[in-house]
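Structure at a glance
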Amino acid sequence: MSGFYQLDFEKDVRALEQRLAEARRELEALRKRAHDRGGGQPSPFPALDEQDEDPADARSLERTIDRLEQERERTIREVYADLDPWQVVRVARHPDRPQTRDYIAMICRDFCELHGDRRFGDDPAIVTGLARLGPHKVMVVGHQKGRTTQEKLACHFGCAHPEGYRKALLKMRLAEKMGIPIVTLVDTPGAYPGIGAEQRGQAEAIAVNLREMSRIRVPIVSVIIGEGGSGGALGIAVANRVAMMRYAWYSVISPEGCAAILWKQANEQTNQAAAKALKLSATDNLNLGIIDAIIDEPLGGAHRDPAQAGRALETWISEQIEALGSLSPDELVEDRYRRFRRLGSVVEQTPAASEQGVEAGMAGGSQA
Amino acid sequence: MTQATSKTWVDVKSGRRNAIPEGLWMRCPGSDCGQMIYKRHVEANLHVCPECGHHFRVGAVERVAQLADEGSFVEMFGHLVPGDPLGFEDLRRYTDRLAGEQLKTGRHDAVMAGEAFIKGRQAMLCCLDLSFMMGSMGSVVGEVITRTIERAIERRLPLVIVSGSGGARMQESGLSLMQMAKTSAALARLDDAGGLFISVLTDPTTGGVTASFAMLGDIIIAEPGALIGFAGPRVIQQTIRQELPDGFQRSEFLLDAGLIDRVVPRKDLRTEIARFIDYGG
């Protein structure tokens, strides 16, 4: 775990982790000295050895470690049981959180990356390629934020350009032709806002993806693994089944963007208020019907145990691909259309109740 | 109509706010104009400056009146009203904001759709309403657009959508976002059915509206000088920390970039739309 990146609400956990590390180092040193002595080498510090002779010391250290571990687990459980939405956003942005390439390495075999949109270039902010996941052949499409500084800059921190979205669509069409399911992993603060991006049609690229994904004739399964920022996220998330990792967020705008507009300024306090108002957590999105499932993360978030997060992700994706396997291409398209068609909160006012009863009776029956 | 109350749209240059002040005379905000113009002349000229051709923003009611043959427009889906699915509250409650906008405009939400004749050609016509929360797309706007598209498929009519919008409506968060997918998916069905979709972009068209149905027209035309883009100029400037080129994200810029078919002055919109419908058979 990066020592420099600390979530303020994890302060107690970090304190415990430091004490744990100390205790472990002490125990290690103790055992090493005991071992060295056992090897028959004379110690240069007999006085210290005298002190360490007592095996009770090692036992008491072990007990301390056990106790600290339990306390750490309990503290993490307490902290994570009640994260507010702004804290969730910050967990979703944790630099050690597994990214698309990490998950590909963990859950896919025989990954064969495919590059380029055949029009402009190859956007590293979206990774695409063929892979095997459990018994399935799949096309993986996912945002990549980047791990090293160099990779982050190349990926624009996960903000894709139009060529990224066009690459994604090109590879999804290939999957359709091959008859293999598509798995998309969403992790972006939003599509890139820049001169080149606008010039090359950022809006058009996303719009076309929305339209075309809706009629692709193979199963599409999407998971928001970290950040699900607006159109940039949705641009690869028009799927038959959509899930969020427990500490991911998904919303029409980032809390900072929302705060800057509606609260006139983005600071810690307004960001927090905006995050709350936007209902961006996995639970809220599930309640609104925007996602179909929440994938549980290990205790204290995916960054604490990426392997376990990977296993949970793989299990859910596999199950969905299997379940969707029974649908015909027509049924898949219909299923996806219905999934998005029903979303929204609209009150149908009866014409009588309408003060502005502008509805006029049409031959076709306009009260639909 | 004033737009100073709108709080949902960040990209208005301060000089362009209050595009239509009260009073008999007003100063044209056009970049090279600045003339005092008689308001009635502007209104008679389809809300275009008679001096320089600056296109003022117009709401949906005015837009429909400009495009549809007189008396031909039959409004549909006007009975759909917005809820407050999130219980959203910023400095004001969403429900209060909605009530204020409804009182101001006499409309339920930021959209007006129905069947109309345009120069004698029958079509489904849908206009976003800039005067209502900056034309932002929430559930009602998305639902009305989707139903209009479905009706166009059912009745085999060409579809005309006039966009003017700050983007997806933040107050409905994820549900607003989903309207982008919903409307785009409906357009895939229209496309499958061989229907013609003419998308008209007006000042401003940004965010989630541009990134969904607005850029999916079989034919895309824009009024002169309209701001059209995905991200707003301010956000772009903050991200790249460079001056933006002159005319960036204006209709003419998009034409140069190959993103739209034509730039059409307001006075010619009816004729051009009718012409496309004719070509579409």
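Residues numbered from 1 in each chain as written. Chains lettered and ligands numbered in written order. Predicted model: local features only at pLDDT ≥ 70, side-chain atom pairs only at ≥ 80, totals over all residues. Heavy atoms only, no water.

1. Here's the deal with the overall build of chain B
Of the regular secondary structure elements, chain B holds nine helices and eleven strands. Relative to its length of 281 residues, chain B is compact, with a C-alpha radius of gyration of 18 Å against a globular reference of 19 Å. Principal-axis analysis of the C-alpha atoms places the extent of chain B at approximately 45 × 45 × 40 Å. Each of the 281 residues in chain B was classed as buried or not, and the buried ones make up 63%. (Helix = DSSP H or I, 4+ residues; strand = E, 2+ residues; numbered from the N terminus. Rg over C-alpha atoms; globule rule 2.2 N^0.38 Å. Buried < 20%, exposed > 50% of the residue type's maximum accessible area, 1.4 Å probe, protein only.)

2. Things to note about the domain arrangement of chain A
All names here are of chain A. Each assigned domain of chain A is listed with its residue range as follows: domain 1 (9-82) and domain 2 (90-341). Between the C-alpha centres of domain 1 and domain 2 the distance comes to 42 Å. If you look at the interface, domain 1 gives nine residues, while domain 2 gives eight residues. Taken over both partners, the interface formed by domain 1 and domain 2 buries close to 680 Å², and the fraction arising from carbon and sulfur atoms is 63%. By the criterion of area lost to domain 2, the three top residues of domain 1 are Phe9, Ile76 and Tyr80, representing 66% of everything that side buries. Inspection of the domain 1/domain 2 interface yields two salt bridges. For Glu17, the salt bridge is made with Arg304, and the minimal N-O distance between the two is 3.6 Å. Elements with a contribution of two residues or more to the side of domain 1 that touches domain 2: helix 1 (11-38) and helix 3 (55-81). Among the elements that take part in the side of domain 1 that touches domain 2, helix 3 stands out by supplying five residues, more than any other. Each residue belonging to the side of domain 1 that touches domain 2 can be placed in one class, and the counts come to four nonpolar, no polar and five charged. (Domains from an automatic or database assignment. Contact = heavy atoms within 4.5 Å. Buried area = accessible area lost by both parts, 1.4 Å probe. Salt bridge = Lys/Arg side-chain N within 4 Å of Asp/Glu carboxyl O. Nonpolar A, V, L, I, M, F, W, Y, C, P; charged D, E, K, R; others polar.)

3. Re the domain arrangement of chain B
If you check the domain split of chain B, you get domain 1 (1-56) and domain 2 (57-280). Between the C-alpha centres of domain 1 of chain B and domain 2 of chain B the distance comes to 21 Å.

4. As for the packing of aromatic side chains
What characterises a pair of aromatic rings is the spacing of the ring centres plus the angle enclosed by the ring planes. Applying the stated criterion to the full structure yields three aromatic pairs over all chains. Positioned above the aromatic ring of A:Phe120, the side-chain terminus of A:Arg200 is 3.9 Å from the ring centre. For the cation-ring pair, B:Arg189 lies above A:Tyr337, with the distance from its terminal atom to the ring centre recorded as 3.6 Å. (Phe/Tyr/Trp six-rings, centres within 6.5 Å; stacked < 30°, edge-to-face > 60°. Lys NZ or Arg CZ within 6 Å of the ring centre and 35° of its normal.)

5. Some thoughts on the nonpolar core
Counting 146 residues, the largest nonpolar core has A:Val223, A:Leu234, A:Tyr250, A:Leu313 and A:Ile317 as its most contacted members. No other element matches the nine residues that helix 5 (residues 173-192) of chain B contributes to this core. Ignoring anything within four residues of it in the chain, the contact list for A:Val223 reads A:Thr184, A:Leu185, A:Val186, A:Ala243, A:Met245, A:Ile295, A:Leu313, A:Trp316 and A:Ile317. Among the nonpolar cores identified, the runner-up in size contains 23 residues, and B:Phe73, B:Cys127, B:Val264 and B:Ile273 belong to it. (Core = buried A, V, L, I, M, F, W, Y, C linked by side-chain atoms within 4.5 Å.)

6. Overview of the state of the cysteines
Residues and elements named next belong to chain B. Summed over all chains, the structure comprises zero disulfides over all chains. Left without a disulfide partner, Cys49 is nearest to the cysteine sulfur of Cys28, which lies 3.6 Å away. Cys127 forms no disulfide, and the closest cysteine sulfur to it belongs to Cys126, at a distance of 6.7 Å. Taking relative accessible area as the criterion, Cys127 reaches 0% and is therefore assigned buried. (Disulfide = S-S within 2.5 Å.)

7. A look at the side chain of A:Glu198
By secondary structure assignment, the location of A:Glu198 is in helix 8 (residues 195-199). Although A:Glu198 lies buried, it forms no salt bridge, and the closest oppositely charged side chain, A:Arg166, sits 11 Å away as judged by the N-O distance. Once residues lying within four places of it in the same chain are set aside, the contact partners of A:Glu198 are B:Gly229, B:Phe230, B:Ala231, B:Ile236, B:Phe248, B:Gln249 and B:Leu259. (Lys, Arg positive; Asp, Glu negative; His and termini not counted.)

8. A few points about the environment of A:Leu343
Turning to its location among the elements, A:Leu343 is positioned in the loop between helix 15 (329-341) and strand 9 (346-348). A relative accessible area of 3% places A:Leu343 in the buried class. Taking the C-alpha atoms as reference points, A:Leu343 and A:Ile290, separated by 53 residues in sequence, lie 7.2 Å from one another. Not counting the four nearest positions on each side in its chain, A:Leu343 is found in contact with A:Leu288, A:Gly289, A:Ile290, B:Met178, B:Gln179 and B:Lys182.

9. Describing the confidence of the model for chain B
A low pLDDT means the predicted coordinates there should not be read in detail. Per-residue confidence for chain B gives a mean pLDDT of 91; residues scoring 70 or more make up 92%. In the predicted complex, the global pTM is 0.89; the interface-specific ipTM is 0.91. (pLDDT = per-residue confidence, 0-100.)

10. Observations regarding the interface of chain A and chain B
Interface size is commonly expressed as the accessible area that is lost once the parts come together. Every contact between the two is made by 58 residues of chain A and, on the other side, 75 residues of chain B. Counting the surface lost from both chain A and chain B, the interface buries some 5800 Å², and carbon and sulfur atoms represent 66% of this. Summed over the shared surface of chain A and chain B, the result is six salt bridges. Connecting chain A to chain B are 21 residue pairs in polar contact (both at pLDDT 80 or more). Residue assignment for the side of chain A that touches chain B shows that the elements contributing at least two residues are helix 8, helix 9 (202-213), helix 10 (230-234), strand 7 (249-251), helix 11 (255-262), helix 15 and strand 9 of chain A. (Polar contact = N/O pair within 3.5 Å; in protein donor to acceptor, adjacent residues only side chain to side chain.)

11. Structural notes on the pattern of salt bridges
Under the defined criterion, the tally for this structure stands at 52 salt bridges over all chains. The salt bridge partner of A:Arg31 is A:Glu62, with a shortest N-O separation of 2.1 Å. Placement of A:Arg31 in helix 1 and of A:Glu62 in helix 3 is noted, with a sequence separation of 31 residues between them. The partner of A:Arg241 in a salt bridge is A:Asp335, with the nearest N and O atoms 3.2 Å apart. Of this pair, A:Arg241 sits in strand 6 (residues 241-245) while A:Asp335 sits in helix 15, and the two are 94 residues apart along the sequence. One network of salt bridges, with partners in common, ties together A:Arg173, A:Arg211, A:Glu212, A:Arg215, B:Asp191 and B:Asp192.

12. Let's talk about the pairing of strand 4 (residues 182-188) of chain A
All names here are of chain A. The element strand 4 is largely enclosed, with a buried count of seven among its seven residues. Judged by which residues are buried, strand 4 turns out to be covered on both faces: Ile182, Thr184, Val186 and Thr188 on one side and Val183, Leu185 and Asp187 on the other are all buried. Where strand 3 (residues 136-143) and strand 4 come together, four bridges link them in parallel fashion. Residue pairing across strands places Gly142 opposite Leu185, the latter belonging to strand 4. Across six bridges, strand 4 lies against strand 5 (residues 220-229) in parallel orientation. Each bridged residue has a counterpart across the sheet, and for Val183 the counterpart in strand 5 is Val221. (Pairing = 2+ DSSP bridges.)

13. Overview of helix 2 (residues 60-67) of chain B
Since the α-helix advances by 3.6 residues per turn, residues separated by three or four positions end up pointing in the same direction. Residues and elements named next belong to chain B. Here helix 2 has its buried residues at Ala60, Arg63, Val64, Gln66 and Leu67. Across the axial projection of helix 2, the buried residues extend over an arc of 160°, all falling on one side. Contacts made by the buried residues of helix 2 are with strand 5 (111-118), strand 6 (121-128), strand 7 (159-165), strand 8 (197-206) and helix 9 (269-279). (Arc of directions from axis to C-beta.)

14. Digging into the packing of helix 9 of chain A against helix 5 of chain B
Direction vectors running N to C along helix 9 of chain A and helix 5 of chain B enclose 65°, while the axes themselves pass 7 Å from each other. Regarding helix 9 of chain A and helix 5 of chain B, the two cross each other, and that crossing is right-handed. Residues A:Ala207, A:Leu210 and A:Arg211 of helix 9 of chain A pack against B:Met180, B:Ala181, B:Ser184, B:Leu187 and B:Ala188 of helix 5 of chain B. For the contact of helix 9 of chain A with helix 5 of chain B, the residue count by class is six nonpolar, one polar and one charged. (Axes fitted to C-alpha atoms, helices over the stretch in contact; angles between N-to-C directions. Left-handed = near helix turned anticlockwise from the far one by under 90°.)

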